[in-house]
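Structural characterization, general
If you want the building blocks of each chain, they are given just below.
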Amino acid sequence: MIFLSIIIPHYNLPRDMLVRCVESLFAQNMEQGSFEVIVVDDGSEEKPYWLLPMFNCKELRVLEIEHAGLSEARNKGIDVAKGKYIMFLDSDDYLQPDSIGNCIETLHIESPQILRYKYNVCTARNDFKVTDKRIKYTTSNTISGAAYMTAVNLPGCAWSYFINRELLIKHNLRFRKGMYHEDEEFSTIVHYHATSLIDCNAHIYNYCIREGSITTSHSKATIEKRMEDMLTTLAKLTEFRKEHEAMSNSIQRRGLDRKITMLT
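Overview of the structure. Just so we're clear, the structure is a prediction, and the values are computed from it rather than from any experiment. (Residues numbered from 1 in each chain as written. Predicted model: local features only at pLDDT ≥ 70, side-chain atom pairs only at ≥ 80, totals over all residues. Heavy atoms only, no water.)

1. Let's talk about the overall build of the protein
For the protein, the helix and strand inventory stands at nine helices and eight strands. At 18 Å, the protein has a C-alpha radius of gyration in line with the 18 Å of a compact globule built from 264 residues. Each principal axis of the C-alpha distribution contributes one length, and for the protein these read about 55 × 45 × 35 Å. By residue count, 51% of the 264 residues in the protein fall in the buried class. Of the contacts formed within the protein by residues at least 6 apart in sequence, a portion of 83% connects residues at least 24 apart. As displayed, the protein has an accessible area near 13000 Å², and 51% of this comes from carbon and sulfur atoms. (Helix = DSSP H or I, 4+ residues; strand = E, 2+ residues; numbered from the N terminus. Rg over C-alpha atoms; globule rule 2.2 N^0.38 Å. Buried < 20%, exposed > 50% of the residue type's maximum accessible area, 1.4 Å probe, protein only. Contact = heavy atoms within 4.5 Å. Areas by Shrake-Rupley, 256 points an atom, 1.4 Å probe, with all protein chains shown as cover.)

2. Description of the packing of aromatic side chains
Overall, the coordinates contain 11 aromatic pairs when judged by the stated rule. Measuring from ring centre to ring centre gives 4.9 Å for Tyr119 and Trp159, while their planes differ by 90°; the resulting arrangement is edge-to-face. Placement of the pair is Tyr119 in strand β6 (residues 114-122) and Trp159 in the loop between α5 (145-151) and β7 (161-164), with a sequence separation of 40 residues. The interplanar angle of 15° and the centroid separation of 3.8 Å between the aromatic rings of Phe175 and Phe186 together place this pair among those described as stacked. Of this pair, Phe175 sits in the loop between α6 (165-170) and α7 (182-193) while Phe186 sits in helix α7; the two residues are 11 residues apart in sequence, bridging distant segments of the chain. Its relative accessible area of 4% is what places Phe175 among the buried residues. These aromatic residues form a ring-pair network of at least three members: Tyr119, Trp159, Tyr205 and Tyr207. Above the face of the Trp50 ring, Arg15 is positioned so that its terminal group lies 4.3 Å from the ring centre. The cationic tip of Arg74 hangs over the ring face of Phe175; the distance from NZ or CZ to the ring centre is 5.0 Å. (Phe/Tyr/Trp six-rings, centres within 6.5 Å; stacked < 30°, edge-to-face > 60°. Lys NZ or Arg CZ within 6 Å of the ring centre and 35° of its normal.)

3. A short note on the environment of Arg20
Within the element layout of this structure, Arg20 appears in helix α1 (residues 15-25). For Arg20, a relative accessible area of 24% gives the class partly exposed. A C-alpha to C-alpha distance of 8.5 Å links Arg20 and Ser91, two positions 71 residues apart in sequence. A distance of 3.0 Å separates a polar side-chain atom of Arg20 from the backbone oxygen of Asp92. (Polar contact = N/O pair within 3.5 Å; in protein donor to acceptor, adjacent residues only side chain to side chain.)

4. Regarding the side chain of Ser34
Turning to its location among the elements, Ser34 is positioned in the loop between α1 and β2 (35-42). In this structure, Ser34 is in contact with Met1, Ile2, Phe3 and Leu4, ignoring residues within four places of it in sequence.

5. Some points on unusual backbone geometry
Phi is positive for Asn56, close to 50°, though the residue is something other than glycine. In this structure, Asn56 sits in the loop between α2 (51-55) and β3 (60-65). Residue classification places Asn56 among the exposed residues on the basis of a relative accessible area of 66%. Look at His181: it is not a glycine, yet its phi comes out positive at around 55°. Considering the arrangement of structural elements, one finds His181 in the loop between α6 and α7. Note on His181: relative accessible area 21%, which makes it partly exposed.

6. Thoughts on the pattern of salt bridges
Enumeration according to the criterion identifies 15 salt bridges in this entry. Measuring nitrogen to oxygen at the nearest pair gives 2.6 Å for the salt bridge that ties Glu46 to Arg15. A residue pair is termed long-range when its members are at least 10 positions apart, and Glu46 in the loop between β2 and α2 and Arg15 in helix α1 qualify at 31 residues. (Salt bridge = Lys/Arg side-chain N within 4 Å of Asp/Glu carboxyl O.)

7. Some remarks on the side chain of Ser248
Take Ser248: it is sitting in the loop between α8 (220-243) and α9 (250-263). Of note is the side chain of Ser248, whose polar atom sits 3.1 Å from the backbone oxygen of Glu245. Not counting residues within four places of it along the chain, the set of residues in contact with Ser248 comprises Tyr192 and Arg253.

8. Digging into the nonpolar core
One finds Leu4, Ile6, Ile8 and Phe162 to be the most contacted residues of the largest nonpolar core, which totals 70 residues. At six residues, strand β8 (residues 197-208) tops the list of elements feeding residues into this core. With residues near it in sequence (within four places) discarded, Ile6 still touches Leu25, Met30, Phe35, Glu36, Val37, Ile38, Met87 and Leu89. (Core = buried A, V, L, I, M, F, W, Y, C linked by side-chain atoms within 4.5 Å.)

Written out as structure tokens, the structure reads:
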């Protein structure tokens with residue numbers, strides 16, 4: 001039975017980056033057949049089917065869509081995923097070796113709808129390769145996703161938590177197509193609906209800042225679109241807040257208010 005589905009959107013990256021990303025998953029000592037790795041290619045010039053003979057295992061799948069952006073690639077992955085939990089991993093990022101075992105154990109025992117984890121920020125000059133095993137693995141008490149949003153400034157990144165797939169199915173949650181900062185709206189609504197969340201101190205994810213990415217681009221067109229899409233996200237969340245006011249509780253409203261204020 002597949003327990004964890006890892007969704008990797010890919011678009012025109014150098015081969016070595018994608019290999020590093022996928023290799024980091026097979027360095028997790030997960031039981032065979034308990035996970036699947038879904039690489040969704042977003043219309044790249046070179047389709048990454050070359051990965052299949054390189055890894056030669058049933059856990060790895062490569063799919064392709066016509067170029068439509070990161071949101072659609074992730075949505076395709078959600079649609080075909082079979083695991084109880086979903087994890088997003090960007091193709092230019094990677095996981096610490098042998099780092100998610102404690103998280104998977106927590107998911108099995110506690111079954112939260114969301115399990116959040118920590119991440120490292122790295123560049124070509126600052127590459128994290130060794131997990132610091134001196135740090136004892138700890139977790140928070142279980143709270144709702146909305147309660148978490150009232151206590152912290154919720155990071156938008158969808159790759160910073162495991163999520164129960166049934167929660168996405170129940171509320172038909174997907175990423176908005178064609179958007180930059182698509183994580184902000186998605187993650188906020190996911191946390192709004194989640195009735196159980198655990199936060200852990202495991203630094204399992206390596207977020208890599210690289211030249212040429214959307215977040216590092218200084219072109220006028222990219223900056224303007226980022227601003228326009230952030231305003232759209234803010235408007236959509238404000239609209240969501242109004243539409244759900246009658247059926248929401250005070251904690252959900254406070255959580256949304258804090259996130260909307262933060263984005264504003």
